[in-house]
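# Fold and geometry: a report
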Amino acid sequence: MNEMDITIRLGAAAGDGIQSAGEIVTRMLSRSGQYVVTYNGNQSLIRGGHVWFHIHAGNWRVTSLGYGIDYLLALTQLAFDEHVGRINRGGAVIYDPKFVKAGPVPEGVTPVPLPLTEIALKYDKRPLMKNTVGIGAIAGILNIDRRILENVIREQFASKRPEVIEGNVKAAVEGYLKTEVDFVPTKTLEFDYSIRRKYTHANFALAAGAVNAGCRFYAAYPMSPASPILHFMAYNAKKMGISVLLAEDEISAIGSTIGAAFTGARAMCGTSGGGFALMQEAFGMAAMNETPIVVVDVMRAGPSTGLPTKTAQGDLNMMLGISQDDFPRVIIAPRNPEETFNTMSRAFNIAEKYQVPVIVLLDFGIGDGGYSTIENLNFDEDIDRGKLIADVEKNGSAWFRRYQLTEDGISPRVLPGTPNGMFVAKTDEHDEYGHDLSDVEAGLASAVDMRIKMMKKRMGKLNGIAGEMKLPEIAGPKDADLSIVCWGSTSNPVREALRTLWKEGFSVNSIEFTDIFPLRWSEISAMLHSAKRLLDIEANYTGQMAGLIARETGTIIADRLLSYSGEPIEPAEIVNRIKELLKTKAS
């Protein structure tokens, strides 16, 4: 099979329906047997400005935005001016000459002027359907089956009035007919209409994976780009038996999550960086009273409110240091929607088995920002509730040793109301029954001794957790001239860069972290030390993962490609950086 792929970008102003248009193109391609990855170039406004939707599709497992743009639909002058310079040779730009003054285009690029607005006005008083005409033109260029185009448009607008639906279909068909014959594409795809590939973004995958893992309580205060998790949970609450709380703020969200988990529900809350900062005191509470919760952070560029609709991997240091003093926490950063779904069962199992808070770290790029094909979802993961017990023997005491000192640091856990299971759960340091060490006991030798034992008990869990965490995955040859270190979603452009580099004969591999903390650092140290040369690639300013690696292993990764623009890293940046790097000696 010849590997084929294309990239399409739709550019317009907010309010022009570019999101719907992009979703229609994505669905057309996935219904035609193609793997897809998309990205929303959103701005934080309702109307105006400039937004774009990018689609990378192919008959192989595409993972990122791909290289440049093959076909551009520019509905505004700004969209034309902003993106035309990135169109690949052999590509085309579709625009309405009545509203867009076409400037110079790159060599080998075909301008396709079409009366998008004039056609749109045939079917509605407003020119909104110009994006639909453009979609039809793209489908015509690609010679995709017209019935696919029509069916997808009917599905997309199914909730609209019949005349609106049919108006959009007719507008799209007119656009289709304008390019189907007259334009001969130099780059297209071989469509297989017998294959319908499924796709989603990581926020929905996370929510579905959590429900599959037994999550029955979700709380959140709306904050982009984490809000789609709340939307999914609320929409499916009755059908899936989930209690959903739209909290008044993030403090309330995590507080109620701790309460739900304390009473036995698998419970989760979600937010973005600013909201997570508000959660930090309560996060420590979950650690102190050893209540198993899952907390989701969908990263966006910061600090503060930062860039609400732009991507980043800048929250790792906050996850590592959130709340005061030392306590065990778990951090997992899935690379794509499919992996996100499959991660959730493990996240809840680790939380309950070790009675710790678990953080699942996504980012805008794979969360709210983009769809990706999903194929292998695991619905059969066992649920492990750890040392949760239902029967407590009478022992002559009125109190249950909820925080019993054990070799593995994990104590038996009971739910409120369990006979003979009475204990105290507070945020202060405590003894095995939960009684305070912070007031009349404070400073006494027995309390000092118990404090030390309790710290060792909690921190002792880290060894057990680390034993269950996954080592980074190595993609490519084991003995490579250069190894890329990356984590989370950055692995996606790295994978496509590797394909290009391998074809050109470069000896490069990637060391991709999904599980971030805690890890078996001695094994990772050996892995890193066996590499000939390392390059760290992250979407933050300081190389936060490289900093964690240095802290835990002593390995300093001197060569770095760090992106903090808010825009996703593209494969071409990685390819260029590596080619430059391999011309030099390792520092």
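Here the structure is a predicted model, which is why all the values come from computation and not from measurement.

### Observations concerning unusual backbone geometry
That bond from Gly302 to Pro303 is cis: its omega, 5°, falls within 30 degrees of zero. Assignment of secondary structure puts Pro303 in the loop between strand E11 (293-299) and helix H13 (316-321). Cis geometry marks the peptide bond from Phe517 to Pro518, where omega comes out at -10°. Tracing the backbone through its elements, the reader meets Pro518 in the loop between strand E18 (515-517) and helix H18 (521-529).

### Remarks on the packing of helix H17 (residues 491-503) against helix H20 (residues 571-581)
With their axes 8 Å apart at the nearest point, H17 and H20 run at an angle of 55° to one another. When the axis of H17 is compared with that of H20, the two are oblique. The way H17 lies across H20 gives a crossing that is right-handed. Residues Pro493, Val494, Glu496, Ala497, Thr500 and Leu501 of H17 lie in contact with H20, whose contacting residues are Pro571, Ile574, Val575, Ile578 and Lys579.

### Quick word on the side chain of Asn540
Take Asn540: it is sitting in the loop between strand E19 (534-538) and helix H19 (544-553). The class for Asn540 is buried, based on a relative accessible area of 4%. Polar side-chain contacts of Asn540 include one of 2.9 Å to the side chain of Glu538. Beyond its immediate sequence surroundings of up to four residues, Asn540 is in contact with Gln313, Gly314, Trp487, Leu562, Ser563 and Tyr564.

### Description of the sheet that holds E19
Read from one edge of the open sheet, five strands run E15-E17-E16-E19-E20, paired in mixed fashion. Single-partner strands in this sheet number two, and they are strand E15 (473-475) and strand E20 (559-562). Neighbour to neighbour, the strand axes of the sheet diverge by 20° on average, direction disregarded. Two strands pair when backbone bridges link them, and strand E16 (residues 482-487) and strand E17 (residues 508-513) are joined in this way by six bridges, in the parallel orientation. By the bridge assignment, Trp487 is partnered in E17 with Phe513. On the sheet, H17 packs against E15, E16, E17 and E19 and is oriented at approximately 165° with respect to E17. Running over the sheet, H20 touches E16, E17, E19 and E20 and is turned about 160° from E20.

### Section: the nonpolar core
Counting residues in hydrophobic clusters, the biggest one holds 81 residues, and the most contacted among them are Met233, Met268 and Phe513. Beyond its immediate stretch of four places on either side in the chain, Phe513 contacts Ala333, Pro472, Val485, Cys486, Trp487, Gly488, Leu519, Ile524, Met545 and Ile549.

Rules used throughout
- Every residue gets a number counted from 1 within its own chain, in the order that chain's sequence is written.
- Residue-level local features of this predicted model are given only where pLDDT is at least 70; pairs of side-chain atoms are given and counted only at 80 or more, and the full residue set underlies all totals for whole chains, interfaces and linings.
- Excluding hydrogens and water, the side-chain values take into account all heavy atoms of the structure.
- Secondary structure is summarised from DSSP: a helix means a run of H or I of at least four residues, a strand means a run of E of at least two, and numbering begins at the N terminus for each.
- Comment: axis = line fitted to C-alpha atoms, over the contacting stretch for helices; angle = value between 0 and 180 degrees taken between N-to-C directions.
- For classification purposes, an angle smaller than 35 degrees is called roughly parallel, one larger than 145 roughly antiparallel, one from 65 to 115 roughly perpendicular, and anything else oblique.
- Whether a crossing is left-handed or right-handed is set by the direction in which the near helix is turned from the far one by less than a right angle, anticlockwise for left-handed and clockwise for right-handed.
- In this analysis, two residues are considered to be in contact whenever any of their non-hydrogen atoms come within 4.5 Å of each other.
- Between buried and exposed lies partly exposed: a residue is buried under 20% and exposed over 50% of the maximum accessible area for its type, with that area taken using a 1.4 Å probe on protein chains only.
- Here a polar contact means two N or O atoms within 3.5 Å. Within protein one must be a hydrogen donor candidate and the other an acceptor candidate, and residues neighboring in sequence count only if both atoms are side-chain atoms.
- In this scheme, strands are said to pair when DSSP sees at least two bridges between them.
- Here, nonpolar core refers to any group of buried Ala, Val, Leu, Ile, Met, Phe, Trp, Tyr and Cys residues whose side-chain atoms link them within 4.5 Å.

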